[in-house]
Amino acid sequence: MAETEEDRHLRFAGGLDCDPSPLPTLRHSASHVMAQAVKRLFPDVKLAIGPAIEDGFYYDFAKPDPFTPEDLAKIEALMHELVRADLPFVRRELPRAEAIRLFRERGEPFKVEILEGIDADLVSLYRQGEFEDLCRGPHVPSTGHVTAFKLLSSSGAYWRGDERNPMLQRIYGTAWLTPEELDRHLWRLEEAKKRDHRKLGRELDLFDFFDVAPGAPFWLPKGMVLVRELERFARESLDARGYQEIATPILIHKRLWEQSGHWEHYQDNMFQVEVEGQLFTLKPMNCPPSAYVYRRALRSYRDLPLRFSEMGRCHRNERSGTLTGLVRVRQFTQDDAHIYCRPDQLEDEITALLELVREWYKVFTLEPSFKLSTRPEKFLGTPEQWNAAEQALHQALKANGLAYDVDPAAGAFYGPKIDVDVQDVLGRRWQIATVQVDLTMLPERFQLEYIDSDGHPKRPVAIHRAIFGSYERFIGIITEHFAGAFPTWLAPVQARVLPVSEKHAEYARTVTRRLTEARIRGELDDRNEKLGYRIREAQLAKVPYMLVVGEREAQNGTVSLRYRTGEDRGAVPLDRVLADLAHEIGSRTVTLTVGRS
RNA sequence: GCCGGGGUAGCUCAGUGGCAGAGCAGCUGAUUCGUAAUCAGCAGGUCGCGGGUUCAAGUCCCGCCCCCGGCUCCA
């Protein structure tokens, strides 16, 4: 993974506290200005750390009471004063021991702890006005450069990111080189709220949550259309690639997890149900049950690879504070599959899987990025097995011409993996697809075998993979990606028929029936409202096509075609609209093509 | 789980101890309309849940639930 500004600061990596390019430097300086303001207003707070981060900065303080929104306003106002004073940032260097003495005198225990952990004889400090902080820089020349900033929020954060440590109070802010850039960023944040899948899910009647089932969505009819279309897409694709679909139980005896090893490491995350004195759990993953399917028959080397797919409904008891809309839930449905193959087939299988990822994500115009995680400190299996598997992953990535990052030692204990995440339009990253090689967990613990050509039993390699990841998260992401304006093949309502007035209702019903007969999701809006009103509603509902019908259209067997983009196409023969719609839906294109010649 | 902010009509939100409100949506009626909001009327409430203080609680106090932003976690 690329090193973030935060990593650099926290791990004291590199020679500086932030990237010396203008924007991170400015943000880093902004965090010092904020710390100065906080120290003036609240002299008793202790300073922790304050790095530049993506889009802004934060600073952590030890303070008995949390900052209130009013505190933030005061701090921001004082920051503006400090900026107007245009105080120069002045650097000086001190022997480490002297710096420790200095910060101990000033009553800054966190700075002392940092200094004690640093392997350097000489350390640097930066001063602006009365405020001086331990810091490797760089900084802007003076506080007057920090013109375009805004404090955004405060929250708790653990010292050094460890929940066993005391909780500090963190203030987040954003800072930019110019006021225009700041405004643009704040505008983007507003836009982000508008396309938040939780808001769109409610507005478009896709799904809802109720407090009786935290972390588990209720799919409404329109949202269920998305689920069904994605399922259909996945099944078509996998049927053409030699997958066999299975379904395994959701409620499973604890024994299974003892065998797989999950009980030891994962039981706190599993929902448990006692039935007649026996302990059952809601499965948190589908791999161990899949292994039972493999194991129920004697497998030959000729049978491999076996590809068992499963729309596996899983439950994980995520901590309550972590739940977020559809993207972090307690109940979700993975588009899971387990591929059992011979070691010599591994590379081809991985290559095919990465092709699948590319192909699927292209349909949704998502741009995936790939990360290869390699052997961790603690691992099962032999280094030779691991090297071969990692090699296969590297080769498969290269065969697909994919750029990828390597995350050293971040693999699962049972094998290396490739994770795929996507960036939504707003720049947030979400992990979706995963391709994990399993050298030992399923094969060893469930004693999976196949009879090789020499007549001897051998261990297969297992691959765990999900392409969408989960239907829930994936739908959350594409909802934001498309801002609710789904491609026609996914759109819950594909065309809405709008009669100009009651006089044209009969022809409108005919048009709607023709749509339905062609298995197009058409809807008639013959409410007693003006056309403009119904057009507005259809547009807000992001229905791709509006078919306006009145006197002229009824006469000529046409419809007047309007796109959700606002474009008005004019009269088009109904037969052509039906044919174009069928073609657009069948090809799963993202662009609106109906009626265009 | 931890820190903070929230929860009032279907939705968005106002209401700082004294009669529970607005806009949109809904319903009824009028209007029969040509490309982003026709007009009028009506109805709509366990103020998240439970307890407490008070003559009086949406409002103050305590506990719990859920949501939001972070932190932590994320086989």
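In this structure, what is going on with the domain arrangement of chain A? I would like to understand it.
Put simply, an interface is often sized by how much accessible area is lost when its parts join up. Each assigned domain of chain A is listed here: domain 1 (5–190), domain 2 (226–249 + 256–264 + 285–481) and domain 3 (495–587). Put simply, the middle of domain 1 and the middle of domain 3, counted by C-alpha atoms, are 58 Å apart.

Please explain the protein's contact with RNA strand B as it appears in this structure.
Neighbouring RNA strand B are 52 residues; His 265, Ser 320, Asn 528, Arg 536 and Ser 560 lie closest to it. Among the atoms of RNA strand B close to the protein, meaning within 4 Å, 50% are from sugar or phosphate groups. Between a phosphate oxygen of RNA strand B and a side-chain N or O atom of Lys 503, the distance comes to 2.5 Å. Gln 539 places a polar side-chain atom, nitrogen or oxygen, 3.2 Å from a base nitrogen of RNA strand B. Sorting the residues of the surface near RNA strand B by element identifies β7 (148–158), β8 (167–176), α7 (197–203), α10 (262–266), α17 (531–540), α18 (551–556) and β27 (558–563) as the ones contributing at least two each. With 7 residues, the single largest contributor to the surface near RNA strand B is α17. Each residue belonging to the surface near RNA strand B can be placed in one class, and the counts come to 15 nonpolar, 19 polar and 18 charged.

Help me understand unusual backbone geometry in this model?
The phi torsion of most residues other than glycine is negative, and most of the peptide bonds are trans. Pro 138 follows Gly 137 through a cis peptide bond whose omega is 0 degrees. Within the secondary structure, Pro 138 sits in the loop between β6 (131–134) and β7. Following Leu 304, the chain continues to Pro 305 via a peptide bond in cis, the omega torsion being 0 degrees. Counting through the fold element by element, Pro 305 comes out in the loop between α11 (287–295) and β15 (306–315). Of note, Lys 542 is a non-glycine position whose phi angle comes to about 60 degrees, a positive value.

Where do I start with the nonpolar core in this structure?
Within the largest apolar cluster, 78 residues are counted, with the highest numbers of intra-cluster contacts made by Ile 350, Tyr 361, Phe 364 and Leu 547. Here this core takes 8 residues from helix α12 (residues 346–363), the largest share from any one element. For this core, the domains that each give at least three residues are domain 2 (226–249 + 256–264 + 285–481) and domain 3 (495–587). For Tyr 361, the residues in contact, after removing those within four places along its chain, are Leu 366, Pro 368, Val 420, Val 422, Ile 432, Ala 433, Ile 467, Phe 468 and Phe 474. Judged by nonpolar contacts, the second largest core, of 30 residues, contains Tyr 59, Ile 75, Val 83 and Phe 149.

Teacher, can you tell me more about the sheet that holds strand β4 (residues 90–95) here?
Two strands in a sheet stick together by hydrogen bonds in their backbones, pointing the same way (parallel) or opposite ways (antiparallel). Spatially, 3 strands are ordered β4-β5-β6 in an open sheet, and the strand pairing comes out antiparallel. Only two strands of the sheet have a single neighbouring strand rather than two, namely β4 and β6. Ignoring strand direction, the axes of neighbouring strands in this sheet form an average angle of 30 degrees. Note: β4 against strand β5 (residues 122–128), 6 bridges, orientation antiparallel. Opposite Glu 93, over in β5, you have Ser 124 as the bridge partner. Across the sheet, helix α4 (residues 96–105) lies against β4, β5 and β6, angled at about 110 degrees from β4, the strand it touches most.

What is the right way to look at the environment of Glu 108 in this model?
Along the chain, Glu 108 falls in the loop between α4 and α5 (109–117). In sequence terms Glu 108 and Thr 25 are 83 residues apart; their C-alpha atoms lie 24 Å from each other. Filtering out sequence-adjacent residues up to four positions away, Glu 108 remains in contact with Lys 39, Val 45, Lys 46, Leu 47 and Phe 103.

When you look at the sheet that holds strand β20 (residues 429–438) in this model, what are you seeing that I'm missing?
Strand order across the open sheet formed by 8 strands is β11-β15-β16-β23-β20-β19-β17-β18, with mixed pairing between neighbours. Only two strands of the sheet have a single partner each, and these edge strands are β11 (244–245) and β18 (404–407). Alignment of strand β16 (residues 331–341) against strand β23 (residues 461–470), held across 7 bridges, turns out to be antiparallel. Across the sheet, Asp 336 pairs through a bridge with Ala 466, a residue of β23. In the packing of α12 onto the sheet, the strands contacted are β15, β16, β17 (368–373), β19 (417–423), β20 and β23, and the crossing angle to β23 comes to about 5 degrees.

Looking at this structure, how should I read helix α13 (residues 383–399)?
One turn of the α-helix equals 3.6 residues, which is why residues spaced by three or four share an orientation. Spanning 17 residues, α13 covers 24 Å between terminal C-alpha atoms, matching the ideal 24 Å at 1.5 Å per step. Listed as buried for α13 are Trp 386, Ala 389, Glu 390, Ala 392, Leu 393, His 394, Ala 396 and Leu 397. Tucked inside the fold, the buried residues of α13 contact α12, β17, β18, β19 and β20. Remark: Gly 401 follows α13 within two positions and exhibits a positive phi of approximately 65 degrees.

Cut-offs applied
- Residues take numbers from 1 onward in each chain, read along the sequence in its written order.
- For this description, chains carry letters from A and ligands carry numbers from 1, given in the order in which they are written.
- Side-chain atom pairs in this predicted model are given and counted only at pLDDT of 80 or more, local residue features only at pLDDT of at least 70, and totals for whole chains, interfaces and linings cover all residues.
- Computation of side-chain values: all heavy atoms of the structure, hydrogens and water removed.
- Each domain span listed reflects an automatic or database assignment of domains.
- We call a residue near a molecule or strand when any one of its heavy atoms sits within 4 Å of it.
- Side-chain atoms alone can form a polar contact between residues adjacent in sequence; in general such a contact is a pair of N or O atoms within 3.5 Å, and within protein one must be able to donate a hydrogen while the other accepts it.
- Only DSSP runs of H or I with at least four residues qualify as helices, and only runs of E with at least two residues qualify as strands; both kinds are numbered from the N terminus onward.
- Each residue gets one of three labels, nonpolar for Ala, Val, Leu, Ile, Met, Phe, Trp, Tyr, Cys and Pro, charged for Asp, Glu, Lys and Arg, and polar for the others, Gly among them.
- Working definition of a nonpolar core: buried Ala, Val, Leu, Ile, Met, Phe, Trp, Tyr and Cys residues. They are joined through side-chain atoms within 4.5 Å.
- Relative accessible area decides the class of each residue, using a 1.4 Å probe on protein chains only: under 20% of the type maximum gives buried, over 50% gives exposed, and in between gives partly exposed.
- Contacts were defined at the residue level, with two residues in contact if any of their heavy atoms lie within 4.5 Å.
- In this scheme, strands are said to pair when DSSP sees at least two bridges between them.
- Between the N-to-C directions of two axes lies an angle of 0 to 180 degrees, each axis being a line fitted to C-alpha atoms and, for a helix, fitted only over the stretch in contact.
- Take the residue count of a helix, subtract one, and multiply by 1.5 Å to get its expected span.

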